[in-house]
Amino acid sequence: MRGLELLEALDSDEARAAGGLGVTRIAALVGREKSQVSRALAALAGAGYVEREPATRRYRIGWRIAAMGGRAHEALLAAAAAPVLGRLVAEVGETAHATVLRGGEVLTVASESPARAVEAAGWIGRTVPVWCTASGRALLADEDDAAVRLRVGATLAVAGPNAPRSPGDLIARLRVDRRRGFAVADEELEAGLLGVAAPVRDASGRVVAAVNVSGPKYRLEPGLEAAAAAVVAAAATLAGRLAGAAPA
């Protein structure tokens, strides 16, 4: 039996809505004997491709598929972001990144720097805290207060001089970000560093990435308003590129 047909059944709208499917229903969907399906699912579960919910005994897509999907998304994002970030760097004159959320951290998947700085490659794959960076706050744009508290924990580690000191402080800053459509981190990650970021949304409106620029405060602050507008426009452009690259 092909494992692919079982994975396709577990990726169906029905499976997603129900939080998984039982062996009997999967067998009916793929037109196979229940015993065959059960053995194949056991093998896939052992490899991490599917997992079984103990309470309901339903199968669903497993951690390995989710991890593969995450890496595929990052590769797609990096390819789509490269020209967008290049234009943003030319317009603003500072380093630009495309990032995604990974737990309580922000992962850089694409980066471009101005000619004066040879540092873009060093940023790719690097993580920074979600709670004291502009990109982190852009990625948290749609999370409710409870989700934010759960993600960052009760105590925030010491960072830059203007970093939020509590989850409540972070939530208050997020409310400001949502109203204006972008986030600004002024010496939150480290002294002298200023960053501005905007969320990148998919066709359903869900935040899937962020675009940000960062640089020395003395250099970026005088043109911060224009930089913010450029970042918001770049995020919208990247969203359009991702939508065009997504399968129908």
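Structure: see above.
Rules used in this analysis
- Residues numbered from 1 in each chain as written.
- Predicted model: local features only at pLDDT ≥ 70, side-chain atom pairs only at ≥ 80, totals over all residues.
- Heavy atoms only, no water.
- Buried < 20%, exposed > 50% of the residue type's maximum accessible area, 1.4 Å probe, protein only.
- Helix = DSSP H or I, 4+ residues; strand = E, 2+ residues; numbered from the N terminus.
- Pairing = 2+ DSSP bridges.
- Core = buried A, V, L, I, M, F, W, Y, C linked by side-chain atoms within 4.5 Å.
- Expected span 1.5 Å × (residues − 1).
- Arc of directions from axis to C-beta.
- Contact = heavy atoms within 4.5 Å.
- Salt bridge = Lys/Arg side-chain N within 4 Å of Asp/Glu carboxyl O.
- Axes fitted to C-alpha atoms, helices over the stretch in contact; angles between N-to-C directions.
- Parallel < 35°, antiparallel > 145°, perpendicular 65-115°, else oblique.
- Left-handed = near helix turned anticlockwise from the far one by under 90°.
- Nonpolar A, V, L, I, M, F, W, Y, C, P; charged D, E, K, R; others polar.

With that settled, consider the pairing of strand S8 (residues 207-216). Among the 10 residues of S8, nine are classified as buried, and the element is accordingly described as predominantly covered. Relative to S8, strand S7 (residues 193-201) runs antiparallel, the two being bridged by nine bridges. Residue pairing across strands places Pro199 opposite Ala210, the latter belonging to S8. Here S7 folds back onto S8 in antiparallel fashion, the turn holding five residues, of which Gly205 has a positive phi close to 95°.

Further remarks concern the nonpolar core. Membership of the largest hydrophobic core comes to 33 residues, with the highest contact counts inside it found for Leu77, Leu88, Val196, Val200, Val211 and Leu238. Going through the elements one at a time, helix H5 (63-92), strand S3 (95-102), strand S4 (105-112), S7, S8 and helix H11 (224-245) are the ones with two or more residues in this core. Sorting elements by how many residues they give to this core places H11 first, with 10 residues.

In this section: the pairing of strand S6 (residues 183-186). Bridge count between S6 and S7: four bridges; the pairing is antiparallel. Note on S7: the bridge partner recorded for Asp186 is Leu194. Joining the antiparallel neighbours S6 and S7 is a turn of six residues, in which Glu187 adopts a positive phi near 55°.

With that settled, the discussion passes to helix H4 (residues 34-46). Residues spaced three or four apart along an α-helix point in a common direction, a consequence of the helix completing one turn every 3.6 residues. Here H4 is 13 residues long and its end C-alpha atoms lie 18 Å apart, about the 18 Å a rise of 1.5 Å per residue gives. Those residues of H4 not exposed but buried are Val37, Ala40, Leu41 and Leu44. Seen end-on, H4 carries its buried residues on one side only, within an arc spanning 100°. Counted as exposed and oriented over 90 degrees from the buried face of H4: Arg39, Ala43 and Gly46. Next to the buried residues of H4 lie helix H1 (3-10), helix H3 (23-30), strand S1 (50-52) and strand S2 (59-61). Where H4 ends, the next residue or the one after it, Gly48, has phi of about 90°, a positive value.

This part takes up the pattern of salt bridges. Within this structure, the stated rule accounts for 16 salt bridges. The shortest N-O distance in the salt bridge between Glu5 and Arg32 comes to 3.1 Å. Taken as a pair, Glu5 in helix H1 and Arg32 in the loop between H3 and H4 lie far apart in primary sequence, 27 residues in all. Using a relative accessible area of 11% as the deciding quantity, one classes Glu5 as buried. For Asp169, the salt bridge goes to Arg173, with nearest N and O atoms at 3.0 Å. Of the two residues, Asp169 and Arg173 both sit in helix H9 (residues 167-180), four residues apart, roughly one turn of that helix. One salt-bridge network, in which partners are shared between bridges, spans Arg137, Asp169, Arg173, Asp177, Arg180 and Glu188.

This part is about the packing of helix H8 (residues 145-152) against H9. The N-to-C vectors of H8 and H9 enclose an angle of 130°; their axes lie 10 Å apart at closest approach. Classified by the angle between their axes, H8 and H9 sit oblique to one another. For the crossing formed where H8 meets H9, the hand is right-handed. Residues Asp145, Val148, Arg149 and Val152 of H8 lie in contact with H9, whose contacting residues are Pro167, Gly168, Leu170, Ile171, Leu174 and Arg175. Along the lines of polarity and charge, the residues of the contact of H8 with H9 split into six nonpolar, one polar and three charged.

It is worth spelling out unusual backbone geometry at this point. Positive phi, normally seen in glycine, also occurs at Arg57, with a value near 65°. Assignment of secondary structure puts Arg57 in the loop between S1 and S2. The phi dihedral of Glu187 is positive, around 55°, even though this residue is not glycine. Assignment of secondary structure puts Glu187 in the loop between S6 and S7. Residue Glu187 is classed as buried on the basis of its relative accessible area, which comes to 18%.

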